[in-house]
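Examination of the molecular architecture
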Amino acid sequence: MVTKKIKDVVIAGGGVMGMSVAFNLTKYIAPSRICVLEPDPRYSRSASALSWASIRQQFSLSENIRLSQSSIKFIKDIDSHLGINDEDYVDINYKNGSYLFLSPQKSAHILEENIAIQKAAGVKVNRYDRQGLEAKYPYMNFEDITLGSDCGEDEGWFDPWLLLSAYKNKIRHLGVEIVQGRLHGFTPHKTASVNDIKSGKDLTIQYGKFVNATGIHAGFTNELLNAVLAPDLRFTLPVTPQRRETFNVACKRGSQQRAPDVLPAEDSNPI
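Residues numbered from 1 in each chain as written. Predicted model: local features only at pLDDT ≥ 70, side-chain atom pairs only at ≥ 80, totals over all residues. Heavy atoms only, no water.

Re the overall build of the chain
What counts here: Under the scheme used here, helices are H or I runs from DSSP no shorter than 4 residues and strands are E runs no shorter than 2 residues, and both carry numbers assigned from the N terminus. Here's how the labels work: a residue is buried when its accessible area is under 20% of the maximum for its type, exposed when over 50%, partly exposed in between, all with a 1.4 Å probe on protein chains only. What makes two residues a contact is simply this: any of their non-hydrogen atoms within 4.5 Å.
Each helix and strand in the chain was counted, giving eight helices and 13 strands. Structurally, the chain occupies a C-alpha span of about 70 × 50 × 35 Å along its principal axes. By residue count, 42% of the 271 residues in the chain fall in the buried class. A separation threshold of at least 6 residues defines the contact pool for the chain, and within that pool the share at least 24 residues apart is 70%.

Printed below as a string of structure tokens:
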């Protein structure tokens, strides 16, 4: 027997984005009318758990800067948003730090433009020539670097597990339904077909709105939806998994302070 549910909103993906959407929607519709689908409560392959879990202000788009400025206010006052009465204070272990963007001569003009955009948006960004970089970070080699930038405030890192747990606890407390289920299709009548992993049974959820928050799998989720849409409503979502590498370096003779996250300011840098 197939279990049926009716919801105003179904959110596929229970990472930070999906949980955040659910939390914010509770301000406008009854929480019990919202359902979040997440197949893996351990988040073993989730970008939310595997990411740097950092926040920065150094972007080249003013829209991204404004989003980040709003987000840092949320993070710094997170207990007032995600705290629950009579439960522990919400702390996601935010630590202030900075990204360090570096550029050789050939792409220095790109970093100069980014710095100008950031300053216009009120970001406390610092600009360094090579001599300034060597003075600020004497344990680094800037031999082929012409220009660099870091941020004086509102950049840093936090614990992604603590943030995920805080979101999950809050929306459950509010009454949002979280289903450990895997989405495997749609019908033309706004119904999602889901495999309930706990029970092993099939589940159908009729919805008013569907939110695709499946991260690197968003393109695949979109194809499931395209399969039941009229041809003139179908569209391609160009989201696919990409390999990303992070290198941790131990500098025995360097500063005892936490070094910044270093990124290249090049044409291909997605900011």
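As for the sheet that holds strand 8 (residues 156–157)
This is how it is decided: Strands qualify as paired when DSSP identifies two bridges or more between them.
Read across the open sheet, the three strands follow the order 3-8-4; overall the sheet is antiparallel. At either margin of the open sheet sits one strand with a lone partner, and together these are strand 3 (54–55) and strand 4 (95–96).

With respect to the nonpolar core
Put simply, the test is: Residues enter a nonpolar core if they are buried and are Ala, Val, Leu, Ile, Met, Phe, Trp, Tyr or Cys, with the set joined through side-chain atoms within 4.5 Å.
One finds Leu 82 and Ile 171 to be the most contacted residues of the largest nonpolar core, which totals 28 residues. If you list the elements that add at least two residues to this core, you get strand 1 (3–12), helix 1 (16–25), strand 2 (34–37), helix 3 (62–76), helix 4 (78–82) and helix 7 (160–174). Looking at this core element by element, the count peaks at five residues for helix 7. Those residues in contact with Leu 82 that sit more than four places away from it in its chain are Phe 23, Phe 74, Val 90, Leu 163, Ala 166, Tyr 167 and Lys 170. Of all hydrophobic cores here, the second largest spans 15 residues; its members include Leu 37, Val 179, Phe 186 and Val 194.

Quick look at the sheet that holds strand 5 (residues 99–103)
Threshold: Axis definition: a line fitted to C-alpha atoms, over the contacting stretch in the case of helices. Angles run 0 to 180 degrees between N-to-C directions.
Ordered by their spatial adjacency, four strands build an open sheet running 6-7-5-13, and the pairing between neighbours is mixed. Because the sheet does not close on itself, it has two edges, and the strands there are strand 6 (125–129) and strand 13 (261–264). Going from strand to strand, the sheet's axes swing by 25 degrees on average, the running direction of each strand aside. Both strand 5 and strand 13 contribute to a ladder of four bridges, which runs parallel. Opposite Leu 102, over in strand 13, you have Pro 264 as the bridge partner. Taken strand by strand, helix 5 (residues 108–120) contacts strand 5, strand 6 and strand 7 (147–151), and its axis lies near 25 degrees from that of strand 7.

What to know about the packing of aromatic side chains
In plain terms, the rule: Only Phe, Tyr and Trp rings are paired, with Trp represented by its six-membered ring, and only when their centres lie within 6.5 Å; those with planes under 30 degrees apart are stacked, over 60 edge-to-face, the remainder tilted.
For the coordinates displayed, the defined rule picks out ten aromatic pairs. Aromatic pair Tyr 99 and Phe 101: ring centres 6.3 Å apart, planes at 25 degrees, arrangement stacked. There is no split in this pair, since Tyr 99 and Phe 101 are both buried. The structure contains a cluster of three or more aromatic residues connected by ring pairs, namely Phe 23, Phe 74 and Tyr 167.

Observations regarding unusual backbone geometry
Positive phi values are uncommon outside glycine, yet Tyr 43 reaches one of about 55 degrees. Topologically, Tyr 43 is positioned in the loop between strand 2 and helix 2 (47–50). The phi dihedral of Asp 154 falls on the positive side, at around 65 degrees, and the residue is not glycine. In this structure, Asp 154 sits in the loop between strand 7 and strand 8.

Some details on the side chain of Asp 261
Tracing the backbone shows Asp 261 in strand 13. Residues contacting Asp 261, with those up to four places away along its chain left out, are Trp 52, Ser 98, Tyr 99, Leu 100 and Trp 157.

A closer look at the pattern of salt bridges
Using the following cut-off: Salt bridge criterion: a side-chain nitrogen from Lys or Arg within 4 Å of a carboxyl oxygen from Asp or Glu.
One pass over the full model with this rule turns up eight salt bridges. Two residues, Glu 177 and Lys 7, come together in a salt bridge whose shortest N-O distance is 2.9 Å. With Glu 177 in strand 9 (residues 177–179) and Lys 7 in strand 1, this residue pair connects regions lying 170 residues apart in the sequence. For Glu 112, the salt bridge identified is with Arg 127, shortest N-O distance 2.8 Å. Within this pair, whereas Glu 112 is found in helix 5, its partner Arg 127 is found in strand 6, the two being separated by 15 residues in sequence. Each of Lys 5, Lys 7 and Glu 177 takes part in one network of salt bridges that share partners.

A short note on the confidence of the model for the chain
What counts, and what does not: The pLDDT value expresses, per residue, how confident the predictor is, ranging between 0 and 100.
Counting all residues, the mean pLDDT for the chain is 91, and 95% of those residues have values of 70 or more. Least confident of the elements in the chain is strand 13, whose mean pLDDT is 82; most confident is strand 2, at 98.

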